[in-house]
Amino acid sequence: MDKYAVFGNPISHSKSPVIHAQFAQQTSQLLSYEAICAPVGKFEETVRSFLAEGGKGLNVTVPFKEEAWQVAKVRSERAELAGAVNTLYFNDEGLLCGENTDGVGMVRDIQENHGYSITGKKVLVLGAGGAVRGVMKPILEQNPGEVVIANRTVSKAQTLAELFSPFGHVSASSLDTLRGPFDLIINGTAASLQGEMPVLPQGMVHSQSWCYDMMYSTEPTPFNRWASNEGACRQLDGLGMLVEQAAESFYIWRGVRPDTSSLISRLREQIL
Ligand code: ATR
């Protein structure tokens, strides 16, 4: 049976084993998928022994995505720019390859699951850490009209804007000098994890604005509550992104695209 796994630390909370087991069942693929807690400082060693024991591919989560980027012998352009890898697989020549499926997963959730086209839109991305860097290229591939990256530490937003400006109209801003409104606002800050919402000026949202939090939780996130109070048209969280990034990994490994909608609904019921 082909072996796959997700590596992280901690990892016990991960929904990836359940998601991939569902995908495998649905597409009649015979495989195993386990969650492995790699010791910090021993990521590469743990990956090597998993692969030596016949592992066919793996997902990587916090805090190892940057190390996975280094371990990969070949990287896609998206992974290269993301500076982080969440999917490792072998290509036809047997080389270990790195991909980042987070951004593709988010874009697929927004566009295909929810029917919102990013093309031509004025997009605000909040945050400038690894989560935002991971989704920028796939957002820009949809040809938005403009993307503004806003961050508490503006220098980090400037660094990302420079990195991605060859791929579209991207600029940087501090949070308090932002000038809206925006059609789509994506929250990639870690503020929701702390139950917080970055402080933004008035006028970020118009009546047709969509707001997307890359986090998900049992209750509306602080960002989604803010969006609702500001009168946004839709507030979405990142549960669909979680399932879609997994589906993209599954497709890379197995060449089959699983159905995601029923699983997203089922997970939503479970977390409520
Ligand atoms: P990740 O890999 O999840 O993106 P990270 O690299 O630590 O994590 O980045 C966290 C992001 O959330 C940063 O953009 C951070 O802003 P700073 O660069 O100014 O630190 C942002 N962030 C975290 N807590 C925040 C808060 N309470 N308000 C606003 N931004 C916050």
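Residues numbered from 1 in each chain as written. Predicted model: local features only at pLDDT ≥ 70, side-chain atom pairs only at ≥ 80, totals over all residues.

Spelled out, the test is: UniProt positions are given in the numbering used here, feature names are shortened, and annotations may be inferred rather than shown by experiment.
Within an unreviewed UniProt entry, the label attached to the protein reads Shikimate dehydrogenase (NADP(+)), and the organism entered is Neptunomonas japonica JAMM 1380. We quote the UniProt Sequence similarities (unreviewed entry) comment for the protein here in full: "Belongs to the shikimate dehydrogenase family."

Re the overall build of the protein
Cut-off, in case you're wondering: Under the DSSP-based scheme used, a helix requires at least four consecutive residues in state H or I and a strand at least two consecutive residues in state E, with every element numbered from the N terminus. The atom set for the radius of gyration is the C-alpha atoms, and the globule formula is 2.2 Å times the number of residues raised to the power 0.38. Exposure in this text rests on C-beta crowding, where 20 or more other C-beta atoms within 10 Å of a residue's own make it buried, 12 or fewer make it exposed, and counts in between make it partly exposed. The C-beta atoms are placed from the backbone. Note that contacts rest on C-beta atoms placed from the backbone: two residues are in contact if these are within 7 Å.
Helix and strand content of the protein: 10 helices and 12 strands. Taken against the 2.2 N^0.38 rule, which gives 19 Å for 272 residues, the C-alpha radius of gyration of the protein at 18 Å falls within 12% of a compact globule. Expressed as lengths along the three principal axes of its C-alpha atoms, the size of the protein is roughly 55 × 40 × 30 Å. For the protein, the residues scored as buried account for 46% of the 272 residues in total. At a minimum sequence separation of 6, the contacts of the protein that also span at least 24 residues come to 62%.

Let's talk about unusual backbone geometry
Across residues other than glycine, the phi torsion is negative in most instances, and most of the peptide bonds are trans. The peptide bond linking Asn9 to Pro10 adopts the cis configuration, its omega dihedral lying at 5°. One non-glycine residue, Ser28, lies in the positive phi region at around 55°. Structurally, Ser28 is set in the loop between helix H1 (16-26) and strand S2 (31-37). Classification of Ser28 by C-beta neighbours within 10 Å gives exposed; the count is 7.

A word on the site of the ligand
Filter applied, for reference: Put plainly, near means the residue's C-beta atom, positioned from the backbone, lies within 6 Å of the molecule or strand in question. Classification convention: Asp, Glu, Lys, Arg as charged; Ala, Val, Leu, Ile, Met, Phe, Trp, Tyr, Cys, Pro as nonpolar; all other residues, Gly among them, as polar.
In the vicinity of the ligand there are 15 residues, among which Gly129, Gly130, Ala131, Arg152 and Thr153 approach most closely. Across the shell around the ligand, the residue classes break down as five nonpolar, seven polar and three charged.

Topic: the nonpolar core
The test is simple: To form a nonpolar core, buried Ala, Val, Leu, Ile, Met, Phe, Trp, Tyr and Cys residues must be joined through C-beta atoms within 7 Å. Note: domain ranges come from an automatic or database domain assignment.
Of all hydrophobic cores here, the largest spans 75 residues; its most connected members are Phe7, Leu58, Val123, Leu124 and Ile149. It is helix H9 (residues 239-254) that provides the largest number of residues to this core, a total of eight residues. For this core, the domains that each give at least three residues are domain 1 (2-100 + 240-271) and domain 2 (103-237). Excluding its chain neighbours within four sequence positions, the residues that come into contact with Val123 are Ile118, Ile139, Pro144, Glu146, Val147, Phe182, Asp183, Leu184 and Ile186.

Observations concerning the sheet that holds S2
We apply this condition: By this definition, two strands are paired if DSSP reports at least two bridges between them. Here the axes come from fitting lines to C-alpha atoms, over the contacting stretch only for helices, and the angles between their N-to-C directions go from 0 to 180 degrees.
Taking strand neighbours across the sheet as the criterion, the six strands line up as S2-S1-S3-S5-S6-S4 in an open arrangement whose pairing is mixed. Each end of this open sheet is capped by a strand with a single partner; those strands are S2 and strand S4 (74-75). With seven bridges joining them, strand S1 (residues 2-8) and S2 adopt parallel strand pairing. Residue pairing in the sheet places Asp2 in a bridge with Leu31 of S2. The strands touched by H1 are S1, S2 and strand S3 (55-60); relative to S2, the strand with the most contacts, the crossing angle is about 175°. Along the sheet, H9 contacts S1, S3, strand S5 (87-90) and strand S6 (96-99); its crossing angle with S5, the most-contacted strand, is approximately 10°.

Focus on the packing of H9 against helix H10 (residues 261-271)
For clarity, the cut-off: Orientation categories follow fixed angle ranges, with anything under 35 degrees roughly parallel, anything over 145 roughly antiparallel, 65 to 115 roughly perpendicular, and all other angles oblique. Should the near helix be turned anticlockwise from the far one by less than a right angle, the crossing is termed left-handed; should it be turned clockwise, right-handed.
Following both chains from N to C, one finds H9 and H10 inclined at 135°, their axes separated by 10 Å at the closest point. Here H10 runs oblique to H9, going by the angle between their axes. At the point where H9 passes H10, the crossing takes the right-handed sense. Taking contact as the criterion, the partners of Leu239, Gly240 and Val243 in H9 are, on H10, Leu263, Ile264, Leu267 and Arg268.

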